[in-house]
Amino acid sequence: MKKLFALIFMIITGIASAETTNPQEADIVTSASIVPGKYVNEYIPKGFTDSDAKKVLVVAGDLRYNSITFDMAYTAMKFFEDNGMEVTLRDLYAMNWNPVLSMDEFYYQKDGTGEPKEDVAQEQKLVSEADYIVFVYPNWHDTPNVMVKGYQERVFAKKFAYEDGQNGGINGLLKGKGIFTIMNCGWLGGGRGFIDGGVGIDDKKWNSYMKAFKVLDDDTAGFWGAENCGRFVNDLYPKNNGENYKENLERLRADLRKSLKETFIDGKRPKKSFF
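To start, this report covers the structure provided alongside it. (Residues numbered from 1 in each chain as written. Predicted model: local features only at pLDDT ≥ 70, side-chain atom pairs only at ≥ 80, totals over all residues. Heavy atoms only, no water.)

1. A short note on the overall build of the chain
Move 1: For the chain, the count of helices and strands is seven helices and eight strands.
Move 2: Counting the 275 residues in the chain, one finds 44% classified as buried.
Move 3: About 15100 Å² of surface is accessible on the chain, with carbon and sulfur atoms providing 54% of the total. (Helix = DSSP H or I, 4+ residues; strand = E, 2+ residues; numbered from the N terminus. Buried < 20%, exposed > 50% of the residue type's maximum accessible area, 1.4 Å probe, protein only. Areas by Shrake-Rupley, 256 points an atom, 1.4 Å probe, with all protein chains shown as cover.)

2. Some details on the pattern of salt bridges
Move 1: Inspection of the entire model under this criterion finds 19 salt bridges.
Move 2: Between K125 and E129 there is a salt bridge; the shortest N-O distance is 2.5 Å. Of the two residues, K125 and E129 both sit in helix 4 (residues 118–129), four residues apart, roughly one turn of that helix.
Move 3: Owing to a relative accessible area of 52%, K125 belongs among the exposed residues under this scheme.
Move 4: Overall, E129 belongs to the partly exposed group, its relative accessible area being 30%. (Salt bridge = Lys/Arg side-chain N within 4 Å of Asp/Glu carboxyl O.)

3. Overview of the nonpolar core
Move 1: Counting 36 residues, the largest nonpolar core has L57, V127, F135, Y151 and F156 as its most contacted members.
Move 2: When residues of this core are traced back to their parent elements, those giving at least two are strand 1 (55–60), helix 4, strand 3 (132–138), helix 5 (146–155), strand 6 (178–184) and helix 6 (203–224).
Move 3: Per-element accounting of this core gives the leading share, five residues, to helix 6.
Move 4: Ignoring any residue separated from it by four or fewer positions in sequence, one finds L57 in contact with F48, T88, R90, L126, V127, A130, Y132, I133, V134 and Y151.
Move 5: In this structure, F70, A76, V134 and Y245 belong to the second largest nonpolar core, which totals 30 residues. (Core = buried A, V, L, I, M, F, W, Y, C linked by side-chain atoms within 4.5 Å. Contact = heavy atoms within 4.5 Å.)

4. Regarding the side chain of N228
Move 1: Locating N228 in the fold gives a position in strand 8 (residues 227–234).
Move 2: Here the side chain of N228 touches D218 through a polar contact of 2.8 Å, side chain to side chain.
Move 3: Among the polar contacts made by the side chain of N228, one reaches the main-chain amide nitrogen of G230 at a distance of 2.9 Å.
Move 4: Those residues in contact with N228 that lie beyond four places of it in its chain are I179, K214, D217, D218, A221, R269 and P270. (Polar contact = N/O pair within 3.5 Å; in protein donor to acceptor, adjacent residues only side chain to side chain.)

5. A short note on a nonpolar patch on the surface
Move 1: A grouping of M103, F106 and Y107 is seen on the molecular surface, where their side chains present a nonpolar patch of about 330 Å² in accessible area.
Move 2: Inspection of the secondary structure puts M103 in the loop between strand 2 (86–91) and helix 3 (106–111).
Move 3: Residue classification places M103 among the exposed positions, given a relative accessible area of 57%. (Patch = residues over 30% accessible without salt bridge, like charges linked within 9 Å, V, L, I, M, F, W, Y side chains within 5 Å.)

6. Things to note about the environment of K46
Move 1: With respect to the helices and strands, K46 occurs in the loop between helix 1 (2–19) and strand 1.
Move 2: Counting along the chain gives 35 residues from K46 to E81, while the straight-line C-alpha distance between them is 8.4 Å.
Move 3: Ignoring sequence-local partners within four residues, the contact set of K46 consists of E81 and V87.

7. Some thoughts on the pairing of strand 8
Move 1: Of all the eight residues making up strand 8, seven are buried; the element is thus mostly covered by neighbouring parts of the structure.
Move 2: One ladder, built from six bridges, connects strand 6 with strand 8; its direction is parallel. Looking at strand 8, one finds that I182 is bridged to F232.
Move 3: Both strand 7 (residues 192–193) and strand 8 contribute to a ladder of two bridges, which runs antiparallel. What sits directly across from R192, in strand 8, is N234. (Pairing = 2+ DSSP bridges.)

8. Side note on the pairing of strand 6
Move 1: In terms of burial, strand 6 is largely enclosed, as seven of its seven residues are buried.
Move 2: Neither face of strand 6 is exposed, since G178, F180, I182 and N184 on one face and I179, T181 and M183 on the opposite face are all buried.
Move 3: Relative to strand 6, strand 3 runs parallel, the two sharing seven bridges. Across the sheet, V136 pairs through a bridge with I182, a residue of strand 6.

9. Considerations on helix 7 (residues 245–265)
Move 1: The first and last C-alpha atoms of helix 7 sit 29 Å apart over 21 residues, in line with the 30 Å expected at 1.5 Å per residue.
Move 2: For helix 7, the complete set of buried residues consists of Y245, L249, L252, R253, L256, S259, L260, T263 and F264. What you see down the axis of helix 7 is that its buried residues fit within an arc of 125 degrees, all on one side.
Move 3: Contacts from the buried residues of helix 7 go to helix 2 (68–82), strand 3, strand 6, strand 7 and strand 8.
Move 4: Just downstream of helix 7, G267 is the residue with a positive phi angle, here 80 degrees. (Expected span 1.5 Å × (residues − 1). Arc of directions from axis to C-beta.)

Geometric values such as these leave the question of function open.
Structural data, given as structure tokens:
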């Protein structure tokens, strides 16, 4: 009898285990954002052409197409194309992008010696064609995640993005271009947008983070000779299985479109200094 119960138990637990190995079917409790399938608005941009339209290179570092981060990427790409711009998406995970700088390309990246690897050269061509580079990634450790950071380190190499200037300075080579960041967060004080975008939860903490991000963005853009167009940070994403999910998701999308309009249509930029 005991053997029979043991056999039944093994069969039941085996079935349960098999049923939970597929993340698409499992009822998973997670802190990661998950947009329900019925609300996912996938958008595939048309890519660059030879036209005179402004060109936006979107560099996305998120491996989940149903995340809030990718939802913001979809919203942004549609906004740009709806407003007459051309968009090319570099989906780093789908591309199997290698973010690791190898020893055989170190001196190219550091000193501009030799030629870039084929994958880097392809991305540099797109960067050269773009008027704006938009980085999209989740906030895991308050900086670009490994995929985006590795893209920046390998692609924006010396003698492509910058060169030695006078008196030990740096001369950026990407003048006339702008960079912008879209980032989804878990908790930075409660806010949406950028500096002064707190919603009364912990505005002091929110602004301290946003000012730090502005220093990072100013330095990155300045190093490359590009313009810092700012960033859109979301710290209020709809909670999984929360009430009014659709309304909250649409509000996020509308807030992002408003920020993009102010930045890329109206020409609004972050203030020069907040210190």
